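# Report on the structure
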Amino acid sequence: GCGSGGGADGGDAAVPPASTATSAPATTTTVDPDLTTVATTPESTLDVFDAPDAAEPSHQVTAPEGPGVPLTFVVIGEEGDRLQVELPERPNGSTGWIDRDAVAVSVHDFHITVDLAAFTITVFQGDEVILDAPVGVAADNTPTPGGTYYTTSLLQPPDPNSVYGTYAYGLSAFSEVLESFSGGPGQLGIHGTNDDASIGTEVSHGCIRMHNADIEQLVPVLPLGVPVTIV
């Protein structure tokens, strides 16, 4: 799976091995632009089609965190029996079509903004700010690519005293410098840390670091498939 790189020196470019993972409950679709529609499956691989009417899949998408981690997608369109979704794979921003009957669909109104220059993360529910906290960001030689991604998984590192802290959210984003890292695909994440002094600094290999106490506020609240805009 995605390797747990390094220690307090900033060796994090991928989310750690999972000991837990969660997914949002299923409800119904929506066309409200202020809401996000999410598709989930307990499977770690799923067929992806290039078009809503394609007869055969173009490939299979695989959970970047590894086997046993459910797949999560953000839905951006629908046609017939298929959903158009953002994919947690390279290149960043990839999209494709999946069978509607292969997933459960849910809706939420959360979103996250990470301001790299300001070293801040802001979490919204609708228009309400539910968390505004400092973060550690990537070093200059392994930058975090800007753009809008989404949370793919919630993982609990086996060692809470590691560089990943008590919890880690996997992202649908990947390093554009590191093709792999510690046995993983260079997937980026938002996670806690055992090194509070690293918050407010340029320290990581691409991940966003939070104080453990801050990320622990989000765990009971956030579903998966939350859009994350990195600027």
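Read on for a plain summary of the structure. (Residues numbered from 1 in each chain as written. Predicted model: local features only at pLDDT ≥ 70, side-chain atom pairs only at ≥ 80, totals over all residues. Heavy atoms only, no water.)

## Examining the side chain of Thr144
Here is the rule: Secondary structure counts use DSSP, requiring at least four H or I residues in a row for a helix and at least two E residues in a row for a strand, with both numbered from the N terminus. Two N or O atoms form a polar contact when they lie within 3.5 Å of each other; inside protein one atom must be a possible hydrogen donor and the other a possible acceptor, and for residues adjacent in sequence the pair counts only when both atoms belong to side chains. Two residues form a contact once any of their heavy atoms are found within 4.5 Å.
With respect to the helices and strands, Thr144 occurs in the loop between strand 10 (128–138) and strand 11 (147–155). At a separation of 2.5 Å, a polar atom in the side chain of Thr144 contacts the main-chain carbonyl oxygen of Gly206. With residues near it in sequence (within four places) discarded, Thr144 still touches Leu116, Ala138, Leu188, Gly206, Cys207, Ile208 and Ile230.

## Comments concerning the sheet that holds strand 7 (residues 104–108)
Note the threshold: By definition, two strands form a pair when at least two bridges between them are found by DSSP. For helices, the fitted line uses only the C-alpha atoms of the stretch in contact; every axis is such a line through C-alpha atoms, and the angle between N-to-C directions lies from 0 to 180 degrees.
With antiparallel pairing, the five strands of this open sheet are ordered in space as 6-5-4-1-7. At either end of the open sheet lies a strand with only one pairing partner, and these are strand 6 (95–99) and strand 7. With strand direction ignored, the average angle separating the axes of adjacent strands in the sheet is 45 degrees. Relative to strand 7, strand 1 (residues 36–41) is paired through five bridges, and the arrangement is antiparallel. Counted as the bridge partner of Thr40 is Ala104 from strand 7.

## Focus on the pattern of salt bridges
Should their charged atoms come close, side chains of opposite charge can pair. Test applied: Salt bridges are defined as contacts in which a side-chain nitrogen from Lys or Arg sits within 4 Å of a carboxyl oxygen from Asp or Glu. Burial classification: accessible surface area is computed with a 1.4 Å probe over protein chains only, and a residue below 20% of its type maximum counts as buried, one above 50% as exposed, and the rest as partly exposed.
All chains considered together, the criterion is met by two salt bridges. Ionic pairing is found between Arg100 and Glu78, a salt bridge with its closest N-O pair at 2.8 Å. In this pair, Arg100 sits in the loop between strand 6 and strand 7 while Glu78 sits in strand 4 (residues 71–79), placing the two residues 22 residues apart along the sequence. Given the relative accessible area of 46%, Glu78 is considered partly exposed. Where Asp99 meets Arg82, a salt bridge forms, and the shortest distance between an N and an O atom there is 2.9 Å. Placement of the pair is Asp99 in strand 6 and Arg82 in strand 5 (residues 82–86), with a sequence separation of 17 residues. Look at Asp99 and you get partly exposed, because its relative accessible area is 27%.

It is worth stressing that arrangement in space is one thing and function is another; only the former is reported here.
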